[in-house]
Amino acid sequence: SFENDIKVFNDFSLKILQGEKIAIFGKSGVGKSSLLNLISGVYVPNKGKILLNEKIMFVNQVNPYVSYISQDPFLFDVSIQENITLSFTKNEKIDEERLKQAILNSGVQKYIEENDLTLEYILTEGGDNLSGGQGQRIAIARALYSDKDLILLDEAVSALDSTTKDFVIGNLLKLKKTIVLVTHDKEVYESFPKKINLNEFN
């Protein structure tokens, strides 16, 4: 619950197995984003526990396992490559093969080719020189490159055109990673093997 004590979840339990692909659907305000924030450790439940591999996970312990992609991801005023690898924030060599797979599976490669760009193309802070869909693709590529065990997507494909959306979702479903996606798109929701309709809990 939030400050007004109106409960978002009450007696709610969810078990996610490693490698599962889960889509979460529901009307606005039903708690879709709140659920992702609980899973990632951004929010702490009033009661109950959030476990990772049967161990209680606190906020500062969850983040190393999770990659979180929002509907409106933040982009830095550096190159496409640096936005994906975040190499400017850490002193480590870029994994070229992992980068190649990330830009391919996210649709970034297609965007680069269609616009005759390179990975060295400089973005403006906040991604003002990109469309919403292009920014989402780069954020998805960032998540894939990070190689985290759990990928959370909060309406993170909402700005993609239908062809690109189908391509990216198809690639996400093939990954060995655990994927939890929040969406209001019924077609995206139906394409996932495991579905949770939060409307049914209210």
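Up top is the structure.
Note that the coordinates shown come from a computational prediction; the quantities given were computed from them, not determined experimentally.

Looking at the secondary structure, you find Thr85 in helix 3 (residues 80-85). Look at Thr85 and you get buried, because its relative accessible area is 3%. With residues near it in sequence (within four places) discarded, Thr85 still touches Lys90, Ile94, Leu99 and Tyr145.

Together, Glu113, Glu114, Asp161, Asp166 and Glu187 make up a negatively charged patch on the protein surface. Following the sequence through the fold, Glu114 ends up in helix 5 (residues 108-114). Accessibility expressed as a relative area gives 56% for Glu114, which makes it exposed.

Turning next to the nonpolar core. If you look at the biggest cluster of nonpolar residues, it comprises 36 residues, and the most contacted ones within it are Ile69, Ile80, Ile84, Val108, Ile138 and Leu153. Top element by residues in this core is helix 6 (residues 132-146). It accounts for seven residues. Setting aside its immediate chain neighbours within four residues, Ile84 contacts Leu99, Ile103, Val108, Ile138, Ala141, Arg142 and Tyr145. Membership of the second largest hydrophobic core comes to 13 residues, among which are Ile24, Val30, Leu35 and Leu198.

We now examine a nonpolar patch on the surface. Where nonpolar side chains cluster on the molecular surface, the patch consists of Phe2, Val42 and Tyr43 and spans about 280 Å² of accessible area. Within the secondary structure layout, Tyr43 lies in the loop between helix 1 (32-40) and strand 2 (51-52). Under the relative-accessibility criterion, Tyr43 is labelled partly exposed at 33%.

Now for the sheet that holds strand 4 (residues 66-69). Taking strand neighbours across the sheet as the criterion, the five strands line up as 4-5-6-1-7 in an open arrangement whose pairing is parallel. The outermost strands of the open sheet, each flanked by one partner alone, are strand 4 and strand 7 (194-197). Across the sheet, the mean angle separating the axes of adjacent strands is 15° when strand polarity is ignored. Most of the contacts of helix 1 go to strand 5 (residues 150-154), to which it runs at about 155°, and overall it touches strand 1 (21-25), strand 4, strand 5 and strand 6 (178-183).

Conventions we followed
Residues numbered from 1 in each chain as written. Predicted model: local features only at pLDDT ≥ 70, side-chain atom pairs only at ≥ 80, totals over all residues. Heavy atoms only, no water. Helix = DSSP H or I, 4+ residues; strand = E, 2+ residues; numbered from the N terminus. Buried < 20%, exposed > 50% of the residue type's maximum accessible area, 1.4 Å probe, protein only. Contact = heavy atoms within 4.5 Å. Patch = residues over 30% accessible without salt bridge, like charges linked within 9 Å, V, L, I, M, F, W, Y side chains within 5 Å. Areas by Shrake-Rupley, 256 points an atom, 1.4 Å probe, with all protein chains shown as cover. Salt bridge = Lys/Arg side-chain N within 4 Å of Asp/Glu carboxyl O. Lys, Arg positive; Asp, Glu negative; His and termini not counted. Charge placed at Lys NZ, Arg CZ, Asp CG, Glu CD. Core = buried A, V, L, I, M, F, W, Y, C linked by side-chain atoms within 4.5 Å. Pairing = 2+ DSSP bridges. Axes fitted to C-alpha atoms, helices over the stretch in contact; angles between N-to-C directions.

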